[in-house]
Amino acid sequence: PYPVTLGHCLGVPALSTEPTLLRFGIHDSAVSGSGLTAVTEVRDSGVLLTAGTQWADHNIAPTFGFRLLQSSAGRITCAAFGPGPGSGLDNGRLPRIVAYLLQTRRGWSSARIDLAGIDALSTSLGLPLMGRWCSQAETYAQVLDELADTIGGWWSIGTDGVLRMQ
């Protein structure tokens, strides 16, 4: 399985998916129409590469990511906005990350998630952009735990079946 990019992620280690074509993936295509919003930068051994000259977007299944236009000198990393509705900046906000994770990837209805409450919490805390890059088979609960820990909060599912984050 390919990795999953949620929100705004920096320093993502790119997975060489097609070495002969210099293609690198940072997000899987498990859900139809859920490619990356944008790859914003690519680095080779920490050196920033120039878009269009040294790398190009390759937001095509199954290797959502980018391709190098030259051979690499070392470890390739990037910054990217994961999938979701709206602009890249919106997709780096906590409510959008939770919505993508549970609605798009898990198939939950919007009625099962208190997105208004999560949005109010995010606004009250003045949360900046956030993101989570999942490289292994973490569970949804583990990712939600990490997102909640990031803001010093917790999440729960009430007796009404609705997920809340506080």
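Values in this document were obtained by computation on a predicted structure and should not be read as measured data.

Focus on the nonpolar core
Argument step 1. Among the nonpolar cores identified, the biggest contains 22 residues, and Leu6, Leu94, Val98, Leu163 and Met165 are the most heavily contacted of them.
Argument step 2. Breaking this core down by element, the ones donating at least two residues are β1 (4–13), α1 (94–105), α2 (115–125), α3 (140–150) and β11 (163–165).
Argument step 3. Top element by residues in this core is α1. It accounts for 6 residues.
Argument step 4. Those residues in contact with Leu163 that lie beyond four places of it in its chain are Val98, Leu102, Trp108, Arg112, Ile113, Asp114, Ile118, Leu144, Trp155, Ser156 and Ile157.
Argument step 5. Counting residues in each nonpolar core, the second largest holds 16 residues, with Ala14, Leu36, Leu68 and Ile76 among its members.

Remarks on unusual backbone geometry
Argument step 1. One non-glycine residue, Leu22, lies in the positive phi region at around 60°.
Argument step 2. Tracing the chain through its elements places Leu22 in the loop between β2 (15–18) and β3 (23–27).
Argument step 3. Since its relative accessible area comes to 25%, Leu22 is described here as partly exposed.
Argument step 4. Even without being a glycine, Ser45 presents a positive backbone phi close to 55°.
Argument step 5. The topology assignment puts Ser45 in the loop between β4 (38–44) and β5 (47–48).
Argument step 6. Judged by its relative accessible area of 45%, Ser45 falls in the partly exposed class.

Quick word on the environment of Met165
Argument step 1. Looking at the element boundaries, Met165 is found in strand β11.
Argument step 2. When the C-alpha positions of Met165 and Ile118 are compared, they lie 5.9 Å apart, and in sequence the two are 47 residues distant.
Argument step 3. Sequence-distant contacts of Met165, that is, excluding residues within four places in its chain, are made with Leu94, Val98, Ile118, Leu121, Leu144, Ala148, Ile151, Trp154 and Trp155.

Looking at the packing of α1 against α3
Argument step 1. Taken N-terminus to C-terminus, the directions of α1 and α3 make an angle of 175°; their axes are 12 Å apart at the nearest point. It follows that α1 is roughly antiparallel to α3 by the angle criterion. Seen from α1, the contacting residues are Leu94, Ile97, Val98, Leu101, Leu102 and Arg105; seen from α3, they are Tyr140, Val143, Leu144 and Leu147.
Argument step 2. When grouped by side-chain class, the residues that make up the contact of α1 with α3 number 9 nonpolar, no polar and 1 charged.

A few points about the sheet that holds strand β8 (residues 76–81)
Sheet strands associate in pairs through backbone hydrogen bonding, adopting either a parallel or an antiparallel arrangement.
Argument step 1. One open sheet accounts for 5 strands, arranged β5-β4-β8-β1-β9; its pairing is antiparallel. The sheet terminates laterally at β5 and β9 (131–134), the two strands that pair on one side only.
Argument step 2. Where α1 meets the sheet, its contacts fall on β1 and β9, and the angle it forms with β1 comes to roughly 115°.

Let's talk about the pairing of β9
Argument step 1. Taking every second residue as pointing to the same face, the buried face of β9 carries Arg132 and Cys134, while none of Gly131 and Trp133 on the other face is buried.
Argument step 2. Two elements, β1 and β9, share 4 bridges in a ladder whose sense is antiparallel. When the bridges of β9 are listed, Leu6 appears paired with Arg132.

A short note on the environment of Trp133
Argument step 1. The topology assignment puts Trp133 in strand β9.
Argument step 2. Taking C-alpha positions, Trp133 is 4.7 Å from Thr5, a pair spaced 128 residues apart along the chain.
Argument step 3. Leave out the neighbours within four places in its chain, and Trp133 touches Pro3, Val4, Thr5, Cys9, Val12, Pro13 and Ile26.
Argument step 4. Among the polar contacts made by the side chain of Trp133, one reaches the main-chain carbonyl oxygen of Ile26 at a distance of 3.5 Å.

Thresholds, definitions, all that
Residues numbered from 1 in each chain as written. Predicted model: local features only at pLDDT ≥ 70, side-chain atom pairs only at ≥ 80, totals over all residues. Heavy atoms only, no water. Core = buried A, V, L, I, M, F, W, Y, C linked by side-chain atoms within 4.5 Å. Buried < 20%, exposed > 50% of the residue type's maximum accessible area, 1.4 Å probe, protein only. Helix = DSSP H or I, 4+ residues; strand = E, 2+ residues; numbered from the N terminus. Contact = heavy atoms within 4.5 Å. Axes fitted to C-alpha atoms, helices over the stretch in contact; angles between N-to-C directions. Parallel < 35°, antiparallel > 145°, perpendicular 65-115°, else oblique. Nonpolar A, V, L, I, M, F, W, Y, C, P; charged D, E, K, R; others polar. Pairing = 2+ DSSP bridges. Polar contact = N/O pair within 3.5 Å; in protein donor to acceptor, adjacent residues only side chain to side chain.

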